[in-house]
Every structure is written in structure tokens, then in C-alpha cells.
Amino acid sequence: MRHIWRGAFWIALYLLLIIAPLFVLLIGQAPPGRGFWREFSVGLGFAGLSMMGLQFFLTGRFRHITSPYGIDVVYHFHRQIAIIAFFFILLHPVILISSSPSTLVLLNPLTAPWWITIGTGGLLAFIIVIVTSLYRIEMGIIFEHWRIIHGYMSVVAVAFSMTHIAGVSYYVQEPVKRWLWISMVIGWILALLYVRIVKPISMLRRPYLIENVIKERGDSWTLALKPHGHKGMNFKPGQFAWLTIGKSPFAIREHPFSFSSSAMNPGQIEMTIKELGDFTSKIGEVARGTRAFMDGPYGTFTIDHYRSSGYVFIAGGVGITPIISILRTMADRNDLRPVVLFYQSKTLEGTTFREELENLKKRLNLQVIHILSQPADDWEGETGRINEKVIAKYLPSTRMDCEYLVCGPQPMQMALKEALEKLGISLERVQSESFNFV
Ligand SMILES: Cc1cc2nc3c(=O)[nH]c(=O)nc-3n(C[C@H](O)[C@H](O)[C@H](O)COP(=O)(O)OP(=O)(O)OC[C@H]3O[C@@H](n4cnc5c(N)ncnc54)[C@H](O)[C@@H]3O)c2cc1C
């Protein structure tokens, strides 16, 4: 209930901050009207820019803001709202030019006043931010380069646009209006400073040492991290953190990974990482004793948010990592509520945590159903992909009272949500974790 109220509060505050610049226009002496379309386009520009500025808060990983919704939902919102804000901003010059075609000449930087040219520059920076975010993969931009472009271009875009407003000065002549914009900008700068300076400093004070690097089945490695000079990180089973290895926490290079160890042991943290790209495929080479930093914990994919009389877990490949953390935690808590785990892998040989799951069966009320897409000839279990038929075969009679946690590739999640719905399970009982925010 507290989460719902907190969630509603942040949404109300967000809406208020977006429309604040429009209401402030009405305060005090309004400048003489300049026609409906011109005023309308300015209104859209103001609202779009204040939505863009608030993006610094949305992506700042402020736990109070993200916890009611889950950080993946916040990132999703950030993506969608950025597109809407961009169209508001784009409509500002489009409407101005359409309603008064003579203003087209203002796009010429050689003849236009500086405050108009800087506004055009801000718009171009916004176009770069949006296009590289929507088409990063198609444009062949690697994630790390995209992140740098995204960060710097966003700041340039907002700064240029603010300078444009100050330069035009028509709607912000009165001190109260000026101060509203200045305080909004100060808020955005503080959010940025928190993310880039305050947070890394606090991470620097809480370093970890890589104690062990363990080879796992399925091209994966487990990193064992020991807190150095502090007590470690309290997390809920199923949550994740952003990990930086070797460099300082000020480095822009950090990757999100779920905790795979038990939440009951915050002083001995493990993350299990599958070889995939340039960073993860070198994990096996990390030397023991290397320093690491963590920003977390984050995420709402956990059994600790809602109580349930039993659980059904569905994991695909490396999606097992948050699930193994949950199972290890349940074992440490002597939690004997019934659990059914559907686990999709290619082969039994490559099934990460295969032996550990067998051992956990002795400590838990746990049934594990392996589904292999490339089974050996002598495999007698389930084959192919997890689907409605396989799930229906093993679901417990208490299926309606169970909580469902699904972690795996996005297409698998979509298919399984559909399958569960067909089996009469309310999607309110289904939580899912996608290993991809972008
Ligand atoms: C909430 C969450 C939990 C995760 N838990 C695990 C886990 O327990 N084990 C595991 O093996 N993997 C996990 N991942 C996936 C892991 O973060 C990516 O596989 C890893 O960052 C890829 O890095 P790379 O440079 O090796 O691969 P690349 O080839 O550079 O990237 C592959 C894809 O991974 C994504 N990615 C790359 N870098 C980042 C980054 N810094 N931040 C966000 N996404 C990125 C991008 O979509 C990219 O296209 C998790 C991801 C998320 C979002």
C-alpha cells in the first residue's frame, strides 16, 4: 500500500513539474499576445523541455523514485516519454514556420540571431540523442559509445535549449519567471552532479575485492566479491546491481548483473555472468584481488515484495541467476513453501547450476523441470521450448495461489505470459525480469 501511495506521489509531482512552466507564464504581467499558433508552439516547447530536463531524475537511479515501479519500468517510461517530449520540442519550430513561413530564414545560422541559432543547435542535439537511441543496433554503435554520446548530447541539448529561452527572453522577462526556470535548471544540474559525482564517491568508499572467479556450466563465470572495509550490500533475492571492475567508480563503463548468491549473506556476494560481448567474454580473465564497485541494489523482481503460499519460477539460460539467488535464500531461511522451477537450456551439459539445483532439492520443497532444446539422444525429459503444454503438465493444484517469476529473453517472456494467461493465471501474479533495458 505504501508503495502505491509513493508511486502516486511521484507521478503527481512529475505532472506538476511538467506543466509548471506553462502556469508560470500566467503569473504577473503577461507579454502582449503574438497569435494563437505562436503561443501554442512556445507552450509545447516549454513543456517538452521541462520533460527532457526531468529525464536526469528518471535515469539518476534514485531509489525512492524507482522502488514503487521497478527500475526497468522507469527506464521504459524514460524511453517513451523522451519520444513524446521530443515531438513537443520539434513541433515548436515546425508550427512557427508553418504559421509564418517567413521565419524559415531563421534556420540560416549566418544571418539568424545567436539565440535562434543556439536553439537550432539544441534541436539538432535532441535529434542525435533520439535517433542514436532508437536505431543504435541498426547504426552499428556499440553500447559504450552510445552511452557516451547519449550522456553528453543530452546535456548539450538541454543547455542549448535553455540558452535559447534566455536569449529570446520574451516569456521570461519577469524575475519570478526567470527564477522558476533557474531553479528547474539547478534541480537538473543537482541530479546530474549526484549521479556523476556524489554516487561514485559513495561507491569509492565501499569497494569490493574479487575473491574468486569460478567457471560454471553454460559459458558462465561466477565472481565472488568480498566487501573491503565495510559490511557489504543488503539486497533482496532476485535484485541486481551495476558492477564496475578494476577502474574507478567514476568510469562510465558499468554493467548490470543480478546477484546469484543468498541474500542472507551480504558479506559474500556472488554474480554469475554469461560470456556474451566484449566485457562479459573477458570475465574469466579477471585476476583475484582486483577492485570492484557496485551501485545497487535495484529491482522489484523478488519474492520479498508480496507474500505467496507457493512459487512457480521460469528461467531461460542465464535468466537462472536471480532465481538461484532466490532459491539459495529460501534454503537459508528454511522456507519450505512449494516451488516449481521450469528451466530452459540447450543441453544438460551446459545447464548452469545443474548440480546445485539437485542439492537444493534436499533443502527445499522444490521440483525442477529441465527443458532442453538440443538434448542428447538418451535424454528422457522435456524437450523443445517451454510452452503452455509443458507448463500445464507440471503446474501444482494450488496454481491460482502461486506467484510466478519469469526471467529470460524477451520473446520467451512474451510467449510465456500468453501461455500463463491461457492457463487462467492472472498476469497480476506474474513478475518478469528482462536482461535488457536498452
Ligand atoms: C537487470 C539486469 C540484470 C542482468 N543480470 C545478468 C546476470 O545475472 N548475468 C548475466 O550474464 N547477464 C546479466 N545481464 C545482462 C548483462 O548486463 C549484459 O549481458 C552485459 O552488460 C553485456 O555486456 P557486454 O559488453 O559483454 O556485451 P555487448 O555485446 O557489449 O552488449 C550486449 C547487449 O547487452 C546490453 N548491454 C551492454 N552493456 C550494457 C550496460 N553497460 N548496461 C546495460 N546493458 C548493457 C546491450 O543491450 C547490448 O546490446 C543483466 C542485465 C540487466 C538489465
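What counts, and where the lines are drawn
- Residues numbered from 1 in each chain as written.
- Predicted model: local features only at pLDDT ≥ 70, side-chain atom pairs only at ≥ 80, totals over all residues.
- Heavy atoms only, no water.
- Disulfide = S-S within 2.5 Å.
- Buried < 20%, exposed > 50% of the residue type's maximum accessible area, 1.4 Å probe, protein only.
- Near = heavy atom within 4 Å.
- Polar contact = N/O pair within 3.5 Å; in protein donor to acceptor, adjacent residues only side chain to side chain.
- Areas by Shrake-Rupley, 256 points an atom, 1.4 Å probe, with all protein chains shown as cover.
- Helix = DSSP H or I, 4+ residues; strand = E, 2+ residues; numbered from the N terminus.
- Domains from an automatic or database assignment.
- Buried area = accessible area lost by both parts, 1.4 Å probe.
- Salt bridge = Lys/Arg side-chain N within 4 Å of Asp/Glu carboxyl O.
- Pairing = 2+ DSSP bridges.
- Contact = heavy atoms within 4.5 Å.
- Axes fitted to C-alpha atoms, helices over the stretch in contact; angles between N-to-C directions.

Trainee: Could you clarify how one ought to interpret the state of the cysteines in this entry?
Mentor: Joining two cysteines, a disulfide is a covalent bond between their sulfur atoms. Applying the stated rule across the entire model yields zero disulfides. Of the cysteine sulfurs around Cys402, a residue in no disulfide, the closest is that of Cys407, at 19 Å. For Cys402, a relative accessible area of 1% gives the class buried.

Trainee: So what exactly am I meant to see when it comes to the site of the ligand here?
Mentor: Around the ligand, a shell composed of 23 residues is seen, among which Glu254, His255, Pro256, Asp278 and Thr280 lie nearest. Within the side chain of His255, a nitrogen or oxygen atom sits 2.7 Å from an oxygen atom of the ligand. Separating an oxygen atom of the ligand from a backbone N or O atom of Pro256 is a distance of 2.7 Å. Burial of the ligand by the surrounding chains reaches 88%, relative to a free accessible area of 890 Å². Those elements that place two or more of their residues in the shell around the ligand are strand 4 (255–258) and strand 5 (269–274). The greatest single-element share of the shell around the ligand, amounting to four residues, is contributed by strand 4.

Trainee: For this particular structure, what's the right way to read the domain arrangement of the protein?
Mentor: When the parts of a complex come together, some accessible area is lost, and that lost area is often used as the size of the interface. For the protein, the domain assignment lists domain 1 (2–203), domain 2 (208–298) and domain 3 (311–433). For domain 1 and domain 2, the distance between their C-alpha centroids amounts to 35 Å. When the area that domain 1 buries against domain 2 is broken down by residue, the three leading residues are Arg61, Glu144 and Met203, summing to 40%. The interface formed by domain 1 and domain 2 includes four salt bridges. A salt bridge links Glu254 to Arg147; the nearest nitrogen and oxygen atoms lie 2.9 Å apart.

Trainee: So what exactly am I meant to see when it comes to the sheet that holds strand 7 (residues 311–316) here?
Mentor: Strands belonging to one sheet form pairs held by backbone hydrogen bonds; the direction of such a pair is parallel or antiparallel. Strand order in the open sheet made by the six strands is 10-9-8-7-11-12, with parallel pairing throughout. Strand pairing shows two members of the sheet lacking a second neighbour, strand 10 (382–383) and strand 12 (430–433), which therefore form its edges. Inspection of the sheet shows strand 7 paired to strand 11 (residues 403–407) by five bridges, in the parallel sense. Counterpart to Ile314 in the pairing with strand 11 is Val406. Contacts from helix 11 (residues 410–422) reach strand 7, strand 11 and strand 12, with the element oriented near 155° to strand 11.

Trainee: How should I be thinking about the sheet that holds strand 4 in this particular structure?
Mentor: Spatially, the six strands line up as an open sheet ordered 4-3-6-1-2-5, and their pairing is antiparallel. Strands at the two margins of the open sheet, each flanked by one partner only, are strand 4 and strand 5. The sheet shows a mean angle of 40° between the axes of neighbouring strands, taken without regard to direction. Note: strand 3 (residues 240–245) against strand 6 (residues 291–298), five bridges, orientation antiparallel. Bridge pairing in strand 6 places Trp242 opposite Asp295.

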